[in-house]
Amino acid sequence: MTKHIGILTAGGDSPGLNAAIRGVGKAAQGYYDMQVIGIRDGFRGLVENRTTHLDGSMLSGILTRGGTILGTSRDKPHRMLFNGKKQDMTDVIVENYHANHLDALVCLGGGGTQKNALQLLEKGLNVITLPKTIDNDVAHTDTTFGFDTALGIATNAIDRLHSTAHSHHRIIVVEIMGHRAGWLALGSGIAGGADVILVPEIPYDIEKVAEAIRGRAAGGKPFSIVAVAEGALPIGEAERFHALRERKLNASDKKERKEVKAELAMFESRHANHTVDLSRQLEELTGLESRVTILGYLQRGGTPSAADRLLATRLGTACADLIHEGRFGVMVASRGELAEPVPLVDVAGYKKLVPPDHPWVISAKRLGTNFGDM
Ligand code: F6P
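No experiment lies behind these values; they were computed from the predicted model shown.

A.B. asks: Whenever I open this one, the domain arrangement of the chain confuses me. Can you help?
C.D. replies: Think of interface size as the accessible area that goes away when the parts come together; that is how it is often given. By the assigned domains, the chain splits into domain 1 (4-145 + 304-347) and domain 2 (150-300). For domain 1 versus domain 2, the distance between C-alpha centres works out to 32 Å. Across the contact, ten residues belong to domain 1 and nine residues belong to domain 2. Buried area between domain 1 and domain 2, summed over both chains or domains, comes out near 750 Å², and the portion from carbon and sulfur atoms is 50%. Of the charged contacts, one joins Asp13 and Arg300 as a salt bridge, the two residues approaching to 3.0 Å between their closest N and O atoms. Taken together, the links from domain 1 to domain 2 amount to one residue pair in polar contact (both at pLDDT 80 or more).

Listed below in structure tokens is the structure:
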């Protein structure tokens, strides 16, 4: 009997999503003779029953396109803004899954999507996921599609910033995406030869950063590139942040959770301009001029790299194989050359952060790159 599968993309967009939709869709349709339905704008599309038939023509010509042809949203099934208030829409999703005669739901997303997919799995849906995010922070997969493209963009930006920093004898602080995980800042910082790399996993001491920059200037290099992840924090602030997150996790009731959430929101708004503050502080501490460049959404847009197309295609076709075999409740992870199913329960709620003694960090330290920790 022909199987019907639904595909949705959720969370922030990421280069390689269309390559993955094409990989799952073409293999499911052409090789396994399944019917493929696209669901618009993430989980919201399933609540509002906005679907489209993903036929051959829709799956054609999308391999090289950035973004997602299906649209995306950060809506969570259990807390979705609907009719003006946040509601648990999980049951509506279950209803529409059955109304569309789906045998499987493929969710393409990052950490948040893995959690949402697990909830739907627990409601009895045949869910299977793929790991995408430029942050590269999904647990139990070597890498996620989108990361390689963003890495190339950020590295290219650092390359370009070098010549202007050098010409003007300036510090340039370049902000790179990554709120909790520093993979992108770390990878592009190393590949682009940044002099300082600041990531959320290694809290920094501003004095140590300034000392490194002053040392470079004294050695005849009065310019420096500081690659800073969005979520990098100075030592004391990092402790406060982790204590707040801990309190949120252990909150005994709704009231306490709400209070801690408000404190966290205040903390984050205080840090919204932290890259600009960091640049200003470095000017004061080094006597050098400093400028800021925020790469922002440039890192997420545009054509996926060859590596991301290849990864998304490999994982996408492996996903179709698993659906054919009836294997659900898993994320299709990349492990070496293989695409392996990993139970969603082992992935959801876990982040792959940069270990402070990761080989990339050690390698950068051997070159004298400063992380603000020594
Ligand atoms: O896609 C992941 C990510 O790019 C993070 O690095 C970033 O902090 C976040 O998304 C911001 O995205 P948005 O503004 O779409 O929520």
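Next, the rest of the story.
A.B. asks: Before we go on, may I ask you to explain the site of the ligand in this structure?
C.D. replies: Contacts to the ligand come from Arg74, Ile134, Asp135, Met177, Gly178, His179, Glu230, Tyr297 and Arg300. One nitrogen or oxygen atom from the side chain of His179 is found 2.7 Å from an oxygen atom belonging to the ligand. Contact between the ligand and Arg300: an oxygen atom at 2.8 Å from a side-chain N or O atom of the residue. Calculation on the ligand without its partners gives an accessible area of 400 Å², and the protein chains cover 77% of this total. Looking at the shell around the ligand, its residues break down into three nonpolar, two polar and four charged. When residues are assigned to domains, the shell around the ligand turns out to be shared by domain 1 (4-145 + 304-347) and domain 2 (150-300), each giving three or more.

The rules behind each value
Residues numbered from 1 in each chain as written. Predicted model: local features only at pLDDT ≥ 70, side-chain atom pairs only at ≥ 80, totals over all residues. Heavy atoms only, no water. Domains from an automatic or database assignment. Contact = heavy atoms within 4.5 Å. Buried area = accessible area lost by both parts, 1.4 Å probe. Salt bridge = Lys/Arg side-chain N within 4 Å of Asp/Glu carboxyl O. Polar contact = N/O pair within 3.5 Å; in protein donor to acceptor, adjacent residues only side chain to side chain. Near = heavy atom within 4 Å. Areas by Shrake-Rupley, 256 points an atom, 1.4 Å probe, with all protein chains shown as cover. Nonpolar A, V, L, I, M, F, W, Y, C, P; charged D, E, K, R; others polar.

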